[in-house]
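Spelled out, the chains give:
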Amino acid sequence: MASPLDKLSPESRIWIYGAERALTRDETATVRKRAQEFVSQWSSHQQALTSAADVLHNRFLVLAVDETQAEASGCSIDGSVNFVKALGAEIGVDFFNRMRFSYRDAEGKIHTVGREEFKLLYAQGQLGNESIVFDPLVKELGELRQIFERPLEDSWHSRMV
């Protein structure tokens, strides 16, 4: 299935909000629909932003803006943060806890855990340097496509274990 993000250039600026847990099918549909409605009306200084939104892996909300047309301003970014906070409150999911880490286990299933549990899993050998982690700090759509998922040893996560 094609993502609405596919219509934007690789240089598009992105914001990734990781849910504290996997979203249900209905929650994913709600978040995707509401986010797409939000970006369809997203503007900066009364200029429409060329933007898109999607939910990846039933857990990562991605908002993107192609700033070659118009740049996202502080006010427009604040508006998106308020939107995500309200959406999270509505469905009972925290999208703002940056001390949670998402990774794939050996079978490919995605897990999200707190920092201490992440460190413990590494110490116990359940996570290794080759374990795939998700980097919600990538800043451009091209990075999302290339390095959002990468081995722990190649990410900033390695400083956390």
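Residues numbered from 1 in each chain as written. Predicted model: local features only at pLDDT ≥ 70, side-chain atom pairs only at ≥ 80, totals over all residues. Heavy atoms only, no water.

Notes on the overall build of the chain
Here's step 1: Regarding its fold elements, the chain presents 4 helices and 9 strands.
Here's step 2: Going residue by residue from the N terminus, the α and β elements of the chain occur as β-α-β-β-β-β-α-β-β-α-β-α-β.
Here's step 3: Radius of gyration (C-alpha) of the chain: 16 Å, near the 15 Å computed for a compact globule of 161 residues.
Here's step 4: For the C-alpha atoms alone, the extent of the chain along its principal axes is close to 55 × 30 × 30 Å. (Helix = DSSP H or I, 4+ residues; strand = E, 2+ residues; numbered from the N terminus. Rg over C-alpha atoms; globule rule 2.2 N^0.38 Å.)

Structural notes on the packing of helix α1 (residues 25-40) against helix α2 (residues 74-91)
Here's step 1: Interaxial distance between α1 and α2 falls to 11 Å at its minimum, and their mutual angle equals 155 degrees. Taken together, the axis directions place α1 and α2 in an arrangement best described as roughly antiparallel. Where α1 crosses over α2, the handedness of that crossing is right-handed. Along its contact with α1, which presents Glu27, Thr30, Val31, Arg34, Ala35 and Phe38, the element α2 presents Gly79, Ser80, Phe83, Leu87, Glu90 and Ile91.
Here's step 2: Here the contact of α1 with α2 is built from residues that sort into 6 nonpolar, 3 polar and 3 charged. (Axes fitted to C-alpha atoms, helices over the stretch in contact; angles between N-to-C directions. Parallel < 35°, antiparallel > 145°, perpendicular 65-115°, else oblique. Left-handed = near helix turned anticlockwise from the far one by under 90°. Contact = heavy atoms within 4.5 Å. Nonpolar A, V, L, I, M, F, W, Y, C, P; charged D, E, K, R; others polar.)

Looking at the side chain of Arg150
Here's step 1: Among the secondary structure elements, Arg150 is positioned in strand β9 (residues 149-151).
Here's step 2: We classify Arg150 as buried; its relative accessible area is 18%.
Here's step 3: Side chain to side chain, Arg150 and Asp135 meet in a polar contact 2.5 Å long.
Here's step 4: Discounting residues that sit within four places of it in the chain, Arg150 has contacts with Ser131, Ile132, Val133, Asp135 and Ser155. (Buried < 20%, exposed > 50% of the residue type's maximum accessible area, 1.4 Å probe, protein only. Polar contact = N/O pair within 3.5 Å; in protein donor to acceptor, adjacent residues only side chain to side chain.)

Comments concerning the sheet that holds strand β4 (residues 51-56)
Here's step 1: The strand order β1-β5-β4 describes an open sheet built from 3 strands, whose pairing is antiparallel. Bordering the open sheet on either side are β1 (13-18) and β4, each of which pairs with just one other strand. Each neighbouring strand pair of the sheet contributes to a mean axis angle of 15 degrees, computed without reference to strand direction.
Here's step 2: Relative to β4, α1 is tilted by about 170 degrees, and along the sheet it contacts β4 and β5 (60-65).
Here's step 3: Against the sheet, α2 makes contact with β1 and β5, and its axis sits at roughly 20 degrees relative to β1, the strand it touches most. (Pairing = 2+ DSSP bridges.)

Regarding α1
Here's step 1: Under the 1.5 Å per step criterion, the end-to-end length of α1 is 23 Å for 16 residues, consistent within 8% with the ideal 22 Å.
Here's step 2: Within the sequence span of α1, burial applies to Glu27, Thr28, Val31, Ala35, Phe38 and Val39. All buried residues of α1 lie within an arc of 100 degrees about the axis, which places them on one face of the element. Exposed and facing more than 90 degrees away from the buried side of α1 are Arg25, Asp26, Lys33 and Ser40.
Here's step 3: Contacts made by the buried residues of α1 are with β4, β5 and α2. (Expected span 1.5 Å × (residues − 1). Arc of directions from axis to C-beta.)

As for the pattern of salt bridges
Here's step 1: Evaluation of the coordinates by the stated rule reveals 7 salt bridges.
Here's step 2: A salt bridge links Asp54 to Arg32; the shortest N-O distance between them is 2.6 Å. With Asp54 in strand β4 and Arg32 in helix α1, this pair connects stretches of sequence that are 22 residues apart.
Here's step 3: Taking the relative accessible area as the measure of exposure, Asp54 reaches 5% and is therefore buried. (Salt bridge = Lys/Arg side-chain N within 4 Å of Asp/Glu carboxyl O.)

Digging into α2
Because an α-helix completes one turn every 3.6 residues, residues spaced three or four positions apart along the sequence face the same direction.
Here's step 1: For α2, built from 18 residues, the straight-helix expectation of 26 Å at 1.5 Å per residue is met to within 8% by its first-to-last C-alpha distance of 26 Å.
Here's step 2: All buried positions along α2 are accounted for by Ser76, Ile77, Ser80, Phe83, Val84, Leu87, Gly88 and Ile91. Projected onto a plane normal to the axis of α2, the buried residues spread over an arc of 130 degrees and lie on a single side. Along α2, exposed side chains directed more than 90 degrees from the buried face belong to Cys75 and Ala89.
Here's step 3: Considering only its buried residues, α2 is in contact with β1, α1, β2 (43-44) and β5.
Here's step 4: Immediately downstream of α2, the backbone of Gly92 shows phi near 75 degrees, a positive value.

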